[in-house]
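Here is how the chains run, residue by residue.
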Amino acid sequence: MKRLVVIGGGESGVGAAVLGKVKGMDVWLTDMGQIAPRYKEILNKWEIPWEEGHHTEEKVLGADEIVKSPGVPLTAPLIVKAMGKGIPVISEIELAGRYTQAKMVCITGSNGKTTTTLLTYHILKEAGLNVGLAGNVGKSLAMQVATENHDVYVIELSSFQLDNMYDFKANIAVMLNISPDHLDRYDHKMENYVAAKFRIMQNQTSDDAFIYWQDDPIISAQLKSMKSEARMFPFSATDDEELSAYLHDGNMVINVDGNSWAMPREEMSLQGMHNLYNSMAASISASLLDIKKENIRKALASFEAVEHRLEYVRTLNGVRYINDSKATNVNSTWYALESMTDPVVLILGGKDKGNDYSEIEEFVINKVTAIVCLGVDNSKLHAFFDGKVPVVEDARSMQECVDKCHALAKDGQTVLLSPCCASFDLFKSYEDRGEQFKQCVNNLK
């Protein structure tokens, strides 16, 4: 009997453990931290042995194969030892892909993954397809393969998940954009991060599709340096009939396999240039799956925005409050500022991941009237932005931050929480940061 060791007791790991059990493997799960009660219940229900708070090394190294959580780096000492012994180390997605013939629509990029994944899922579901949602959103792909039966899966894939995928194949792969992120995981080398992202194309054949933003210089350069049999479907906001999606007279035009249709941007539920790109990618994917244009249009009009991503909170005294807590890197904040039409009071700060703020400098100078730095250490923000906007202030809590923004913002302006940084200095997660922002804003009088 094959012995499968799963490292990590979260959504991904528990799903992999259940799938291993269903397929007749001898499964054991270990987590260095504490396993959430709901996941312990699942493991116990399926009679899967587990441990928490430590790793029993001899058990890990006795595995025939290891499934590791995306959060565990390949440089972790125990993973290094296992690979040194020749034990295969794979991802949950890789494991799940072995046991389903469903079509895989896989979406990656530094920004916009979640919105595009949820939008694509929404279109397919509204069109009546038997579709599952997995990856960074939805339930574990492995758990769904073990306990459900879908014809299509829409999967959001981070670079961490792509790292340990080898034979898995995306029938439709979407690459939205690439900008510096998580470089601490990739030896601070951009080329390593780019290579991880492009693993989404591995194993694709001439029957498969690669959808990508044509104007991204990193994507364009990488495509020139590699060979792929996949069919290419580029999109852009330029007016170019050769593209699979483009912008013409205020209309998004989709042109896939000779079938062309258009939709006015103003009729889409998602606004802003970044969301136009997300909508283009999702529409091309749906068109490749033979979804009727009428169904795609209807779904694009009815989709509800993703929480913590340019989420409207309220308007008070003529001031709009927008929660973009999910913007944990500079490029994501660039998209947020690009979509702003009013003067902005901008909330920045948190755990800096080696950010280069020059990317948003022009937008900040032209659109931002004040910055409130929300973090334990705001010195890097001050060093870059002091003198470039009229006001730069500090806050050490969300309540203090919102109070300062309330005092600074004037009628006709927007208070934008789009931090550029991870949340872990003052908050549990970007969700916690966003929830606190919304609560404080809603309590304003």
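Use the structure listed above.
What comes next is a walk through the structure. (Residues numbered from 1 in each chain as written. Predicted model: local features only at pLDDT ≥ 70, side-chain atom pairs only at ≥ 80, totals over all residues. Heavy atoms only, no water.)

Here's the deal with the overall build of the chain
- Per the secondary structure count, the chain includes 17 helices and 20 strands.
- In terms of overall size, the chain behaves like a compact globule, its C-alpha atoms giving a radius of gyration of 23 Å where 445 residues would be expected to give roughly 22 Å.
- Along the longest, intermediate and shortest principal axes, the C-alpha atoms of the chain span 70 × 55 × 40 Å.
- Of all 445 residues assigned to the chain, the portion counted as buried reaches 56%.
- Looking at charge distribution, the chain has the averaged site of its 45 positive side-chain charges lying 4 Å from that of its 60 negative ones. (Helix = DSSP H or I, 4+ residues; strand = E, 2+ residues; numbered from the N terminus. Rg over C-alpha atoms; globule rule 2.2 N^0.38 Å. Buried < 20%, exposed > 50% of the residue type's maximum accessible area, 1.4 Å probe, protein only. Lys, Arg positive; Asp, Glu negative; His and termini not counted. Charge placed at Lys NZ, Arg CZ, Asp CG, Glu CD.)

Observations regarding the packing of helix α6 (residues 113-126) against helix α12 (residues 293-302)
- Relative orientation of the contacting elements α6 and α12 amounts to 130°, with a least axis distance of 9 Å. In terms of axis orientation, α6 runs oblique to α12. For the pair α6 and α12, the crossing hand works out as right-handed. Here Leu119, His122, Ile123 and Glu126 of α6 lie close against α12, whose contacting residues are Ile296, Ala299, Leu300 and Ser302.
- Taken together, the residues of the contact of α6 with α12 break down into five nonpolar, two polar and one charged. (Axes fitted to C-alpha atoms, helices over the stretch in contact; angles between N-to-C directions. Parallel < 35°, antiparallel > 145°, perpendicular 65-115°, else oblique. Left-handed = near helix turned anticlockwise from the far one by under 90°. Contact = heavy atoms within 4.5 Å. Nonpolar A, V, L, I, M, F, W, Y, C, P; charged D, E, K, R; others polar.)

Focus: the nonpolar core
- Formed by 48 residues in total, the largest nonpolar core has its most connected members in Leu141, Ile155, Phe198, Ile200 and Phe210.
- When residues no more than four places from it in sequence are discounted, the contact partners of isoleucine 155 are Ile93, Met104, Val105, Cys106, Ile107, Thr117, Ala134, Gly135, Leu141 and Phe168.
- Judged by nonpolar contacts, the second largest core, of 45 residues, contains Leu119, Ala245, Met252 and Leu288. (Core = buried A, V, L, I, M, F, W, Y, C linked by side-chain atoms within 4.5 Å.)

Things to note about the side chain of serine 423
- Among the secondary structure elements, serine 423 is positioned in the loop between β20 (414-417) and α17 (430-442).
- Serine 423 sits in the buried class, given a relative accessible area of 1%.
- Here the side chain of serine 423 touches serine 429 through a polar contact of 3.3 Å, landing on its backbone oxygen.
- Not counting residues within four places of it along the chain, the set of residues in contact with serine 423 comprises Lys428, Ser429, Tyr430 and Arg433. (Polar contact = N/O pair within 3.5 Å; in protein donor to acceptor, adjacent residues only side chain to side chain.)

Here we look at the packing of aromatic side chains
- Counted by the stated rule, this structure contains eight aromatic pairs.
- Note on phenylalanine 210 and tyrosine 212: the rings are 5.4 Å apart at their centroids and 15° apart in plane angle, and the pair reads as stacked.
- Residue classification places tyrosine 212 among the buried residues on the basis of a relative accessible area of 11%.
- Summarising the aromatic geometry, the rings of phenylalanine 384 and phenylalanine 385 are spaced 4.9 Å apart at their centres and angled 75° between planes, so their arrangement reads as edge-to-face.
- Looking at lysine 388, its charged tip hangs above the ring of phenylalanine 384, at a distance of 3.6 Å from the centre. (Phe/Tyr/Trp six-rings, centres within 6.5 Å; stacked < 30°, edge-to-face > 60°. Lys NZ or Arg CZ within 6 Å of the ring centre and 35° of its normal.)

What about the pattern of salt bridges?
- Under the counting rule described, the total for this entry stands at 18 salt bridges.
- Lysine 388 serves as the salt-bridge partner of glutamate 361, at 3.2 Å between the closest nitrogen and oxygen. Placement of the pair is glutamate 361 in helix α14 (residues 358-367) and lysine 388 in the loop between α15 (379-385) and β19 (391-395), with a sequence separation of 27 residues.
- Judged by its relative accessible area of 29%, lysine 388 is partly exposed.
- Glutamate 400 is paired through a salt bridge with lysine 404; the nearest N and O atoms lie 3.6 Å apart. Pair noted here: glutamate 400 and lysine 404 are both in helix α16 (residues 398-408), with a separation of four residues, about one helical turn.
- The exposure class of glutamate 400 is partly exposed, given its relative accessible area of 31%.
- Owing to a relative accessible area of 24%, lysine 404 belongs among the partly exposed residues under this scheme.
- Within this structure, Glu307, Glu311, Glu435 and Lys438 form a network of salt bridges that share partners. (Salt bridge = Lys/Arg side-chain N within 4 Å of Asp/Glu carboxyl O.)

Details of a negative patch on the surface
- On the surface, Asp239, Glu241, Glu242 and Asp249 cluster together to form a negatively charged patch.
- Summarising the element assignment, glutamate 241 is placed in the loop between β11 (231-235) and β12 (245-248). (Patch = residues over 30% accessible without salt bridge, like charges linked within 9 Å, V, L, I, M, F, W, Y side chains within 5 Å. Areas by Shrake-Rupley, 256 points an atom, 1.4 Å probe, with all protein chains shown as cover.)

Focus on the environment of aspartate 411
- Structurally, the position occupied by aspartate 411 is in the loop between α16 and β20.
- With sequence-adjacent residues up to four places away left out, aspartate 411 is seen in contact with Asn317, Gly318 and Val319.

Quick word on unusual backbone geometry
- At glutamate 47, a residue that is not glycine, the phi angle is positive and equals roughly 55°.
- Positive phi outside glycine occurs at aspartate 249, with the angle close to 50°.
- The residue aspartate 249 is located in the loop between β12 and β13 (251-256) in this model.

As for helix α1 (residues 11-22)
- For α1, spanning 12 residues, the distance from its first C-alpha to its last is 17 Å, which sits close to the expected 16 Å at 1.5 Å a residue.
- Three or more residues of α1 are buried, namely Ser12, Gly13, Val14, Gly15, Ala16, Ala17, Val18, Leu19 and Gly20.
- Residues of α1 that are buried make contact with β1 (3-7), β2 (26-31), α2 (37-45), β4 (65-68), α5 (92-97) and α7 (141-147). (Expected span 1.5 Å × (residues − 1).)

Section: the sheet that holds strand β17 (residues 344-348)
- The six strands lie next to each other as β15-β16-β20-β17-β18-β19, forming an open sheet whose pairing is mixed. Each having just a single partner strand, β15 (311-316) and β19 make up the two edges of the open sheet. Ignoring strand direction, the axes of neighbouring strands in this sheet form an average angle of 20°.
- Examined bridge by bridge, strand β18 (residues 368-374) and β19 share five bridges and lie parallel to one another. Of the residues in β19, the one forming a bridge with alanine 370 is valine 391.
- Each of β17, β18 and β20 is contacted by helix α13 (residues 330-338), which is oriented at about 165° to β17, the strand it contacts most. (Pairing = 2+ DSSP bridges.)

Any functional reading would require information beyond the geometric quantities listed.
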